[in-house]
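Chain residues, written in single-letter form:
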Amino acid sequence: RKEVEQDPGPFNVPEGATVAFNCTYSNSASQSFFWYRQDCRKEPKLLMSVYSSGNEDGRFTAQLNRASQYISLLIRDSKLSDSATYLCVVNTRNSGNTPLVFGKGTRLSVIA
Amino acid sequence: NAGVTQTPKFQVLKTGQSMTLQCAQDMNHNSMYWYRQDPGMGLRLIYYSASEGTTDKGEVPNGYNVSRLNKREFSLRLESAAPSQTSVYFCASSEETTGHYNEQFFGPGTRLTVL
């Protein structure tokens, strides 16, 4: 099982739709979790950290389920500007010599 | 603040040539990283430096060397470039606190083609 797995998509959704991405991680010792956003031909940027209790930032909600080892990102009322690739990122401090592990990303296209 | 800067933005090399990718950050971060990103492979860590004077191998270190010149600068060197090293290279920095990894800030990337 890969350390961090995401559905690559693409997810093609109309404006205003609600879309959810899931991510699974293999190491139960993982401690910190993040969602990053990467626009085409740009660098990744932090979208939000994921806390155990779940957290919300405007239209974006992140959830963590430690028992099942998955993280989710929910985007409500999708905008054209949400079109990007969303990267799930997990920290497992004892995972060999890699401090952070990035998923391959889920591509979202929001269509007018 | 410029954040994380990288030079050059684009580079074409011939097989066997060498080059150094430069990275600098002005956020006074202790930790710096070099990643490569290939289609379908996601971001993979090449080397990182947890603090000035230390460097560690990441997932894909073969064919690369790094230097943490000072707290601000972290360079990546390709001694003898190979076509397999064609990729987009990102430098990042972060401020780690005990037991937690904080947000990583990325540079704009270097697009490298090795012919």
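Above this text you will find the structure in question.
In what follows, the accompanying structure is described. (Residues numbered from 1 in each chain as written. Chains lettered and ligands numbered in written order. Predicted model: local features only at pLDDT ≥ 70, side-chain atom pairs only at ≥ 80, totals over all residues. Heavy atoms only, no water.)

A few words on the overall build of chain A. A count of helices and strands for chain A gives zero helices and 11 strands. When the elements of chain A are put in sequence order from the N terminus, they spell out β-β-β-β-β-β-β-β-β-β-β. For 112 residues, the compact-globule estimate of 2.2 N^0.38 gives 13 Å, and the C-alpha radius of gyration of chain A, at 14 Å, lies within 12% of that figure. Taken along the three principal axes of its C-alpha coordinates, chain A extends 45 × 30 × 20 Å. Across the 112 residues of chain A, 47% fall into the buried class. Considering only intrachain contacts with a sequence separation of at least 6, the fraction spanning at least 24 residues in chain A is 57%. In chain A, 13 side chains carry a positive charge and 10 a negative one; their mean positions are 5 Å apart. (Helix = DSSP H or I, 4+ residues; strand = E, 2+ residues; numbered from the N terminus. Rg over C-alpha atoms; globule rule 2.2 N^0.38 Å. Buried < 20%, exposed > 50% of the residue type's maximum accessible area, 1.4 Å probe, protein only. Contact = heavy atoms within 4.5 Å. Lys, Arg positive; Asp, Glu negative; His and termini not counted. Charge placed at Lys NZ, Arg CZ, Asp CG, Glu CD.)

This next bit is on the nonpolar core. With 24 residues, the main nonpolar core has A:Phe21, A:Trp35, A:Ile71, A:Leu73, A:Ile75, A:Tyr86 and A:Leu108 as its most contacted residues. The set of elements that each furnish at least two residues to this core consists of β3 (19-25), β4 (32-38), β5 (44-50), β7 (60-65), β8 (70-75), β9 (84-91) and β11 (106-111) of chain A. In contact with A:Leu73, other than residues within four places in its own chain, are A:Val19, A:Ala20, A:Phe21, A:Trp35, A:Leu47, A:Met48, A:Phe60, A:Thr61 and A:Tyr86. In this structure, B:Leu21, B:Val66, B:Phe74 and B:Ala81 belong to the second largest nonpolar core, which totals 20 residues. (Core = buried A, V, L, I, M, F, W, Y, C linked by side-chain atoms within 4.5 Å.)

In this assembly, 23 residues from chain B lie in contact with 19 residues from chain A. Roughly 1,900 Å² is buried in total at the junction of chain B and chain A, and carbon and sulfur atoms are behind 54% of that figure. For the pair chain B and chain A, the number of links is zero salt bridges. Put simply, chain B and chain A have four residue pairs in polar contact (both at pLDDT 80 or more) between them. (Buried area = accessible area lost by both parts, 1.4 Å probe. Salt bridge = Lys/Arg side-chain N within 4 Å of Asp/Glu carboxyl O. Polar contact = N/O pair within 3.5 Å; in protein donor to acceptor, adjacent residues only side chain to side chain.)

Take the state of the cysteines next. Residue and element names in this part refer to chain A. Tallied over the entire structure, the rule returns two disulfides over all chains. In this model, cysteine 23 is linked to cysteine 88 through a disulfide, with the two sulfur atoms separated by 2.0 Å. Since a negative S-S torsion denotes a left-handed disulfide, the cysteine 23-cysteine 88 link at about -75 degrees is left-handed. Taken together, the positions of cysteine 23 in strand β3 and cysteine 88 in strand β9 put the pair 65 residues apart, joining distant regions of the chain. The class of cysteine 88 is buried, set by a relative accessible area of 0%. (Disulfide = S-S within 2.5 Å.)

Opposite charge on two side chains allows them to pair when their charged atoms are near. Residues and elements named next belong to chain B. For the structure shown, the criterion picks out seven salt bridges over all chains. Aspartate 38 serves as the salt-bridge partner of arginine 36, at 2.9 Å between the closest nitrogen and oxygen. Owing to a relative accessible area of 11%, aspartate 38 belongs among the buried residues under this scheme. Among the ionic pairs, glutamate 79 bridges to arginine 77, the shortest N-O distance being 3.1 Å. On the accessibility criterion, glutamate 79 (43% relative accessible area) is partly exposed. Assessed through its relative accessible area of 28%, arginine 77 is described here as partly exposed. Connected through shared salt-bridge partners, Arg36, Asp38 and Arg44 make up one network.

Residues and elements named next belong to chain A. Across the sheet, five strands lie side by side as β1-β3-β8-β7-β6; this open sheet has antiparallel pairing. In this open sheet, the two edge strands, each paired with only one partner strand, are β1 (4-6) and β6 (55-57). Across this sheet, the average inter-strand angle for adjacent strands is 20 degrees, counted without regard to direction. Pairing of β7 with β8, which is carried by six bridges, proceeds in the antiparallel orientation. The residue bridging glutamine 63 from the neighbouring strand is serine 72, located in β8. (Pairing = 2+ DSSP bridges. Axes fitted to C-alpha atoms, helices over the stretch in contact; angles between N-to-C directions.)

With that settled, consider the packing of aromatic side chains. Here the distance between the centres and the angle between the planes together describe a pair of aromatic rings. On inspection of all chains with the given rule, the structure shows 13 aromatic pairs over all chains. Centroid distance A:Phe21 to A:Tyr86: 5.4 Å. Interplanar angle 35 degrees. Geometry classified as tilted. Of this pair, A:Phe21 sits in strand β3 while A:Tyr86 sits in strand β9, and the two are 65 residues apart along the sequence. Ring plane angle 45 degrees and centroid distance 5.0 Å describe the contact between A:Tyr25 and A:Phe33, whose orientation is recorded as tilted. Considered together, A:Tyr25 and A:Phe33 belong to a single accessibility category, that of buried residues. By the ring-pair criterion, three or more aromatic residues cluster together here, those being A:Phe34, A:Tyr36, A:Phe102, B:Tyr33, B:Tyr35, B:Tyr48, B:Phe90 and B:Phe106. (Phe/Tyr/Trp six-rings, centres within 6.5 Å; stacked < 30°, edge-to-face > 60°.)

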